[in-house]
Number of protein chains: 2
Amino acid sequence: MSPPNTRETIIDAAMAIVREQGVNKLTLDAAAKVAKLSKGGVLYHFKSKDDLIRAMVQRMIDSCDALHLEYYAQEPEGPYRWARTVVRTAFDPRGPSGDPVGGALLAAVTVNPDLLAPIHAKFAEWIERVESDSPNPALAALVCMAMDGYVFERMLKLPLCNDESCERIKQQALELLK
Amino acid sequence: MSPPNTRETIIDAAMAIVREQGVNKLTLDAAAKVAKLSKGGVLYHFKSKDDLIRAMVQRMIDSCDALHLEYYAQEPEGPYRWARTVVRTAFDPRGPSGDPVGGALLAAVTVNPDLLAPIHAKFAEWIERVESDSPNPALAALVCMAMDGYVFERMLKLPLCNDESCERIKQQALELLK
DNA sequence: TTTACTATACCGACCGGACGGTATATGGCA
DNA sequence: TGCCATATACCGTCCGGTCGGTATAGTAAA
């Protein structure tokens, strides 16, 4: 786990700050301190705060894409294969709801909504993909919407279900997609 | 629609700013300008920015509660009555996904996550209520989660379905709750 | 004259970003 | 091998602007 390049370390730090202290605590200084270097050092790797957040968003997208591929491969063929993949990705701790990622959305929307543009594009792509193999697109869309709700609730630390209850919801979602 | 008291006008202004310009543009000055008074005027009515956001959150809660009551009365008796109420509320333009409300969440979470406390409490209440009349709590929870996803996607201006597609999703949700 | 409300002026803190400088590593070249 | 040149990575400091909040003076109605 030795960080070969500092860039990733800084992104990690920024994510951690958003997650543990809230978006408003994400400053270049704070990120620098957590990543154990100076603000100047951070600005060497990212030419602006927007740039840093762009990188956070990109990492989130890449992470989701990777999980999608991984789960899609495991998922049996048939209708709703992509929708089921989305469900499994959403509940994966490495995914958008998990610790590492997730805060990127919050950071982007608060600092500069334009930074969401890559997400918008990806989202459209994912939606299209899900609908492409869903006999009932409305049902698939509803389930995917619920996955967004899950991410959302984690972001806001809303009192969502305990682990066991979440597992039941996940199973329920998969049940609907058979 | 004559504003009887200035407080409501200021809250309206704050909501509008979050919605139209983004959270980071919500400053006391900006809110004052939109509400057509001075910053001093705003601080007369709200002793701090946190106080203003608390009021925004409270309005959102009240609005949702009111809609819940309204739709619950209209909804036929039987299982999943509360879950169906949540669905109708979520899609109501006066509700959390609509123009007036919604941005309150964003404002709270970015400025000071503690301001979400009232939401947490309300949320727990709503969840409990939904589960109380749902034969399959996991299904009801899933659908409610999707409603949160809907709100979330609107907040982030994600490329969600067009009106007609959303209507189908709404009908799909109600279909599952029969 | 008190109350309710508004406007102006200002302070202090914070933050993003710019900049000059520094240490190390690498590489050509004589 | 010794010497200079350059690139990479990073530090510390400073500046300009913004924003929340305070203090205070003013005004209009009751």
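Just above sits the structure.
Residues numbered from 1 in each chain as written. Chains lettered and ligands numbered in written order. Predicted model: local features only at pLDDT ≥ 70, side-chain atom pairs only at ≥ 80, totals over all residues. Heavy atoms only, no water.

A. Structural detail: helix α5 (residues 81–91) of chain B. All names here are of chain B. The element α5 is largely enclosed, with a buried count of 10 among its 11 residues. Those residues of α5 that fall on the buried side of the exposure criterion are Arg 81, Trp 82, Ala 83, Arg 84, Thr 85, Val 86, Val 87, Thr 89, Ala 90 and Phe 91. If you follow the buried residues of α5, they end up packed against α4 (49–74), α7 (117–132), α8 (137–155) and α9 (163–176). (Buried < 20%, exposed > 50% of the residue type's maximum accessible area, 1.4 Å probe, protein only. Helix = DSSP H or I, 4+ residues; strand = E, 2+ residues; numbered from the N terminus. Contact = heavy atoms within 4.5 Å.)

B. Quick peek at the side chain of Asn 112 of chain A. All names here are of chain A. In this structure, Asn 112 sits in the loop between α6 (103–111) and α7 (117–132). With relative accessibility at 18%, the residue Asn 112 sits in the buried group. When near neighbours in sequence (up to four residues on either side) are disregarded, Asn 112 contacts Asp 50 and Ala 107.

C. Structural detail: the interface of chain A and chain B. Contact residues are listed per partner, giving 39 residues for chain A and 39 residues for chain B. Across the chain A/chain B interface, buried area totals approximately 3400 Å², and carbon plus sulfur atoms make up 78% of it. By the criterion of area lost to chain B, the three top residues of chain A are Leu 142, Met 145 and Phe 152 of chain A, representing 19% of everything that side buries. Across the chain A-chain B interface, the total number found is zero salt bridges. The tally of links from chain A across to chain B stands at eight residue pairs in polar contact (both at pLDDT 80 or more). Mapped by element, the contributors of at least two residues to the side of chain A that touches chain B are α6, α7, α8 (137–155) and α9 (163–176) of chain A. The element contributing the most residues to the side of chain A that touches chain B is α8 of chain A, with 13 residues. Looking at the side of chain A that touches chain B, its residues break down into 28 nonpolar, seven polar and four charged. (Buried area = accessible area lost by both parts, 1.4 Å probe. Salt bridge = Lys/Arg side-chain N within 4 Å of Asp/Glu carboxyl O. Polar contact = N/O pair within 3.5 Å; in protein donor to acceptor, adjacent residues only side chain to side chain. Nonpolar A, V, L, I, M, F, W, Y, C, P; charged D, E, K, R; others polar.)

D. Representation of the relation of the copies chain A and chain B within the structure. Expressed as a screw operation, the relation of chain A to chain B combines 0.0 Å of axial shift with a rotation of 180°, fitting to an RMSD of 0.1 Å. In the structure described here, the two chain copies are related by an operation that fits a two-fold rotation axis. Of the interface residues in chain A, 100% have counterparts in chain B that sit at the interface too, so the contact is made through matching surfaces. (Least-squares fit on C-alpha atoms with pLDDT ≥ 70 in both.)

E. Representation of the protein's contact with DNA strand C in the model. In the region of DNA strand C, 13 residues are neighbours, and Leu 28, Lys 39 and Lys 49 of chain A together with Ser 38 and His 45 of chain B sit closest. Counted by atom, the contact set of DNA strand C within 4 Å of the protein is 47% sugar and phosphate. One of the backbone N or O atoms of Leu 28 of chain A is found 3.1 Å from a phosphate oxygen in DNA strand C. Separating a base oxygen of DNA strand C from a side-chain N or O atom of Lys 39 of chain A is a distance of 2.6 Å. Going through the elements one at a time, α3 (39–45) of chain A together with α3 (39–45) of chain B are the ones with two or more residues in the surface near DNA strand C. Here the surface near DNA strand C gets three residues from one element, more than from any other, and that element is α3 of chain B. Partitioning the surface near DNA strand C into residue classes produces five nonpolar, six polar and two charged. (Near = heavy atom within 4 Å.)

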